[in-house]
Amino acid sequence: VQLQASGGGLVQTGGSLRLSCATSGRTQSRFAVGWFRQAFGEEREFVAAIRWNEQSTFYEDDVKGRFTISRDNAKKMVYLQMNSLKPEDTAVYYCAAREGGILSTIRQKEHYHSWGQGTLVTVSS
C-alpha cells in the first residue's frame, strides 16, 4: 500500500484544516489507516486511526472532540478534519497503514508497515 498525505499549512489558533491521505494498492479486510504527528525534537505520536471495513475510529485523548477521522471507500482517501487548533498541534503529520494486527496495538506506530511523506501543520498563537 502506498500513501500520500497533503493539506498541511499555516493556521491561527482556533482555526481548522483538513488533511488528506490518498491510498493505493491492494488492501485486506482488516486494513486500517492512522494519523501520527511529530513535533520538532519529539517522538512521533498517535493522533487517530480508522479501520477500513468497520469504520471504527480511535483518537488520542488530546484531540478527541476536535479532530475527526473519516474515509471515502470509493476514492480510497482518508481525511483528518482538525478544528479548534492549538499551537501545540504544530507538527509534521503522517498517515500510515497496517493490515491486520490486534486492536490493542492500533495506537502504536511500530505496528504500521506503510508510511506516507509528512505534511507540516503550523498553528500560530
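Refer to the structure printed above.
Model, not experiment: these values are computed from the prediction.

**Focus on the sheet that holds strand β1 (residues 2-6)**
Pairing in this open sheet of four strands is antiparallel, and the strands run β1-β3-β8-β7 from one edge to the other. The sheet terminates laterally at β1 and β7 (67-72), the two strands that pair on one side only. If you compare each strand with its neighbour and ignore which way they point, the axes differ by 15° on average. In this sheet, strand β8 (residues 77-82) lies alongside β7 in antiparallel orientation, the contact comprising six bridges. Looking at β8, one finds that Thr 68 is bridged to Gln 81.

**Overview of the nonpolar core**
Counting residues in hydrophobic clusters, the biggest one holds 27 residues, and the most contacted among them are Trp 35, Leu 80, Met 82 and Tyr 93. Contributing elements (two or more residues each) for this core: β1, β3 (17-24), β4 (31-38), β5 (45-51), β7, β8, β9 (91-99) and β11 (119-124). Looking at this core element by element, the count peaks at four residues for β9. Among all residues touching Leu 80, those that are not within four sequence positions of it are Leu 17, Arg 18, Leu 19, Trp 35, Val 47, Ala 48, Phe 67, Thr 68, Ile 69 and Tyr 93. Grouped together as the second largest cluster of nonpolar side chains are eight residues, Ala 32, Phe 46, Ala 49 and Ile 106 included.

**With respect to the packing of aromatic side chains**
The tally for this structure, following the rule as stated, stands at six aromatic pairs. With 5.7 Å between their ring centres and 75° between their planes, Phe 36 and Phe 46 make a pair best called edge-to-face. Here Phe 36, found in strand β4, pairs with Phe 46, found in strand β5; they are 10 residues apart in sequence, far enough to count as distant. Across the pair, Phe 46 and Phe 36 agree in class, each one buried. What makes Phe 36 buried here is its relative accessible area of 0%. Of note, Arg 71 hangs over the ring of Trp 52, and the distance from its end group to the ring centre comes to 5.8 Å.

Quick notes on the rules
- Residues numbered from 1 in each chain as written.
- Predicted model: local features only at pLDDT ≥ 70, side-chain atom pairs only at ≥ 80, totals over all residues.
- Heavy atoms only, no water.
- Pairing = 2+ DSSP bridges.
- Helix = DSSP H or I, 4+ residues; strand = E, 2+ residues; numbered from the N terminus.
- Axes fitted to C-alpha atoms, helices over the stretch in contact; angles between N-to-C directions.
- Core = buried A, V, L, I, M, F, W, Y, C linked by side-chain atoms within 4.5 Å.
- Buried < 20%, exposed > 50% of the residue type's maximum accessible area, 1.4 Å probe, protein only.
- Contact = heavy atoms within 4.5 Å.
- Phe/Tyr/Trp six-rings, centres within 6.5 Å; stacked < 30°, edge-to-face > 60°.
- Lys NZ or Arg CZ within 6 Å of the ring centre and 35° of its normal.

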